[in-house]
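# Descriptive analysis of the structure
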Amino acid sequence: MTIRNLEALFQPRSVAVIGASDRPGSVGSVVLRNLKGGGFRGAIWPVNRRHAMVDAGPAWPDVASLPGVPDLGVICTPAATVPDLIGELGRKGARAAIVMTAGLKQAASGGATLEQAMLAAAQPYLLRVLGPNCIGLLVPGMGLNASFAPGNALPGKLAFVTQSAALATAMLDWANGRGIGFSHFISLGDSADVDFGDTLDYLGSDWGTRAILMYAESLQEGRKFMSAARAAARNKPVIVVKAGRAPDGARAAASHTGALAGSDAVFDAVVSRAGMLRVDTLEALFDAAETLAHPHPQRGDRLAIVTNGGGAGVLAADAVALGGRKLAQLSPASMAALDQCLPANWSRGNPVDLTAESPVQRYQEALRILLAAPEVDSVLFVHAPTALVPAAEIAAACLPLVGRAEKPVLACWLGGPTVAAARASWSAAGIACFDTPERAVAAWLQMVMHARNQLALQQIPPASLIEFTPQRQRAQALVDAAIAEGQEWLDVVQSMELLQAYGIPVADTRRAHDVEEAVRQAVRIRFPVALKIIAPQIVHKSDTGGVVLNLASPQEVRTAAEKMTQLVSPDAGMRGFAVQAMARRSRELIVGLYNDRVFGPVMLCGSGGTDVELSRQHAVALPPLNALLARDLIERSGVAPLLASWRGRPPADEQALLEVLLKISQMACDLNGIAELDINPLLVDAQGVLALDARVRVRDPRQLAPLAIRPYPQELSESLELAGKRLLLRPIRPEDGERLKRFYQNAAPADMRLRFFMSRRELPPSELARYSQIDYDREMTFVALEPADGEGREEMAGEVRAVCDPDNRKAEFAIQIASGWQGKGLGRIMLARLVQYLREHGTAEVVGECLLENTSMAELAKSLGFAVLAGPLGEATALRLKLR
């Protein structure tokens, strides 16, 4: 489930409190008091099987006897009673419940847990359950306080979602003390049904919510969470604090990638890919919500600091440097303008130190110059109180400038009562204000990180894809055979074969079953060679004497092989040797793959070699990758300096490394059963890349989590003959962004108006990215491509797209055909293909709209079975097709 029936939870018209009580301090007593005291205008019905009166009002003995159907039931009774009460609510017609009760993990009759019995009772009625083991829910805008929190929440535009009940009550008290209000305050508890994915889907489209704040301890259903997070983060800031920054010491991973790609690093990759922001503290959570509310979002990372105190400016500059950023380099034009308005002894740099005795006019002129400077992306205003000019006067004079600024401005008013009025006036105008330079810079760094993550959602990758056709069947057969034979690890020869099937260059590696065969293989390869033991129980061969390098003769190979045989325990299950050509290259990297239990396959890139786990030069990312994401992974890993030229050494072939990452990404999308994979070392130099060693762990695919992001559905591609040409009909790719841009640019103005219901000549890059980088789990766009033109480009002949709601009940479609292909039947073919796909996808209904004048669209829809109806305002025609 996702958002179905959540309106009964978040917008109930009536509430039943089951277990309502007069007993002081009981959950039922507190919940009833909070509901009545919160200003809820709907009906409140206490249920108590022993008392006819509760809190000086009537009570009912059970759910069935209630005078009406409650939208929401709040259960405050012992764990054993919960499943039956959920069934009673469902039969009565309720569609949502909050279960405050803890202890539902214990066994019920029949072997299932009470929690499982609760969900089974809810399922026939599609009744949604918040909890169990939660404090409840507050929606201050409608006076709903269905919780046992010790107080109410102020109304506001922030939604707060938390798994921790104890943290929820503390956070509510903290926020009330600072005047912070909420649109929703949600305690998920054990998240048996309603979880982070559901709330993100609901709040992401809630007009009353400006930003979504989350406190997470654990997550489930990675793909569902990822789809909801990506959709919500496109609409509004999503900011998360997740517990568990400390290393995960209990990881059951034997590969280097598995050890390095800890759950916290994986979550960082999830946040980045979804366009969210992760912060470390609850205070930073609210700071970020304030700064990200600026109407002009952060566009770069060049900060200018203007201050009347040199020490405060230095503290701010130090905080920027510690955060890994640099201050803006002021241009000669900006410096000259500042020279005209500042005293001769000003700092002549960034931070811009106005000096303590500066009059109001000096503040205004400096701010005006910095806000207009193209080399400055945002401004931090830092003020320390002086006796010369009151802070309130400075604030009043500068506020009009700051309020009209088209770039973010943050403020730090140092001090207490002396600057309180100044700080209050700027805060009231929506300017983010902070008590210290360090905290202000921390908030700015959050803005930069959020902008970076958002940019990843809006970038269009280059159209050129690496040209390679993997041998999928060969690779999958190799993995399947190993699983069937009970292997946990592929041996080095099998691992190299797997990499070769995906076009990754590998060192010449050959299997030898005994000592003399190892000698013969070494002669065939030519000396020098490396000798590696093949034994299922030895994963890290170099740790046990299972690798010998630079063997230069048959006798050296024979001696090394005999010694290995003596060293290996019989329990290791020795199966021979791998003989490998020696390769000498200066740069050793690691590229790997690991199956996270929640988010599925995760890729790693970093500095490699035998000491790989001691290095901090590595980063992780979620596949599937495109060229931009692969390049970003290289940059974040910290290995870019290793690839550059150094003291006469030529630069490494970065494109070859990029292609390896894209091929491993494709492997993660194609193959079932890979639990862990290391290429270590992957040698990189000016001649390209070479995999020198590889480890691959395999497992029954049913024990592995799927990809968090559904990969490109290549199987949906097909070709068709039309008007004497062969067209390719396939799902859209992220790399189609530029092609889509040309398609819209070449369209007739009338066609664009019929498509978008307004006159448009071109779409901004962010919208093009949104249309070409779709979530294949919830959306589908088919494009028809003409044969390549004289420049080798396949141009679009048409597009048809559908966006499904999170429950897959309804999909809204749109279609556009290039002018030269109209009237040839392409529109009918494409819309029919989309409808077929949605029917197979389980979608219940397809809907759309067209302008009244677009009679050809209405006729096309009607010919495919759509109902053609008058639109709600008479300005458009509604198109509807029931699929199930």
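Above this note sits the structure.
As the structure is a prediction and not an experimental result, all values here were calculated from the model.

This next bit is on the nonpolar core. Leu9, Ile98 and Phe225 are the most contacted members of the largest nonpolar core, which totals 65 residues. Residue contacts for Leu9: discarding those within four places in its chain leaves Leu72, Ala96, Ala97, Ile98, Leu130, Leu137, Leu144 and Val194.

Turning our eyes to something else, we now look at the pattern of salt bridges. Under the definition given, this model contains 45 salt bridges. In this structure, Asp807 and Arg809 form a salt bridge, with 3.5 Å as the shortest nitrogen-oxygen distance. A relative accessible area of 37% means that Arg809 is categorised as partly exposed. In this structure, the salt-bridge partner of Lys882 is Glu845, at a minimum N-O distance of 3.9 Å. Within this pair, whereas Lys882 is found in strand S38 (residues 876–882), its partner Glu845 is found in strand S36 (residues 845–851), the two being separated by 37 residues in sequence. In this structure Lys882 comes out as exposed when scored by relative accessible area, which is 61%.

A few words on empty space enclosed by the protein. Tallied over the full model, the rule gives two cavities of 30 Å³ or more. There is about 210 Å³ of room inside the largest cavity. In this structure, the largest cavity is lined by 16 residues; those nearest its centre are Leu490, Asp491, Val492, Ala535 and Ile538. When residues of the lining of the largest cavity are traced back to their parent elements, those giving at least two are strand S20 (489–490), strand S22 (529–534) and strand S30 (694–698). Per-class residue counts for the lining of the largest cavity are 11 nonpolar, one polar and four charged.

Evaluation of the coordinates by the stated rule reveals 18 aromatic pairs. Look at Phe381 and Trp426: their rings are 5.1 Å apart centre to centre, the planes differ by 40°, and that puts the pair in the tilted class. A residue pair is termed long-range when its members are at least 10 positions apart, and Phe381 in strand S17 (residues 378–383) and Trp426 in helix H15 (residues 417–428) qualify at 45 residues. For the pair formed by Phe381 and Trp426, the shared burial category is buried. Geometrically, the ring pair formed by Trp413 and Trp426 is edge-to-face, given 5.2 Å between the ring centres and 90° between the ring planes. Of this pair, Trp413 sits in strand S18 (residues 409–413) while Trp426 sits in helix H15; the two residues are 13 residues apart in sequence, bridging distant segments of the chain. We note that Trp413, like Trp426, is buried. Members of the aromatic cluster, each reached through a chain of ring pairs, are Phe160, Trp174, Phe182, Phe185 and Phe286. Over the ring of Phe468 we find Lys663, and its NZ or CZ is 5.3 Å from the ring centre. The cationic tip of Arg733 hangs over the ring face of Tyr712; the distance from NZ or CZ to the ring centre is 4.9 Å.

This part takes up unusual backbone geometry. The omega torsion of the bond from Pro623 to Pro624 falls at 5°, within 30 degrees of zero and hence cis. A cis amide bond links Asn680 with the next residue in sequence, Pro681, at an omega value of 5°. The phi angle at Asn133 is positive, at roughly 60°, despite the residue not being glycine. Following the sequence through the fold, Asn133 ends up in the loop between strand S7 (128–130) and strand S8 (136–139). Relative accessible area serves as the criterion here: at 35%, Asn133 is assigned to the partly exposed category.

With that settled, consider the sheet that holds strand S15 (residues 303–307). Strand order in the open sheet made by the five strands is S16-S15-S17-S18-S19, with parallel pairing throughout. Where the open sheet ends on each side, the last strands, each with one partner, are strand S16 (352–353) and strand S19 (432–434). The pairing of S17 with S18 spans five bridges and is parallel. Each residue of the ladder has a partner; that of Val379, found in S18, is Val409. Across the sheet, helix H16 (residues 437–458) lies against S15, S17, S18 and S19, angled at about 165° from S18, the strand it touches most.

Calculation notes
Residues numbered from 1 in each chain as written. Predicted model: local features only at pLDDT ≥ 70, side-chain atom pairs only at ≥ 80, totals over all residues. Heavy atoms only, no water. Core = buried A, V, L, I, M, F, W, Y, C linked by side-chain atoms within 4.5 Å. Buried < 20%, exposed > 50% of the residue type's maximum accessible area, 1.4 Å probe, protein only. Contact = heavy atoms within 4.5 Å. Salt bridge = Lys/Arg side-chain N within 4 Å of Asp/Glu carboxyl O. Helix = DSSP H or I, 4+ residues; strand = E, 2+ residues; numbered from the N terminus. 1 Å grid on protein atoms, 1.4 Å probe; cavity = no way out; pocket = protein on both sides within 12 Å on 5 of 7 lines; lining within 4 Å. Points joined across faces, edges and corners; volume = space filled by probe spheres on them. Nonpolar A, V, L, I, M, F, W, Y, C, P; charged D, E, K, R; others polar. Phe/Tyr/Trp six-rings, centres within 6.5 Å; stacked < 30°, edge-to-face > 60°. Lys NZ or Arg CZ within 6 Å of the ring centre and 35° of its normal. Pairing = 2+ DSSP bridges. Axes fitted to C-alpha atoms, helices over the stretch in contact; angles between N-to-C directions.

In short, the description is geometric, and any link to function would need to be established separately.
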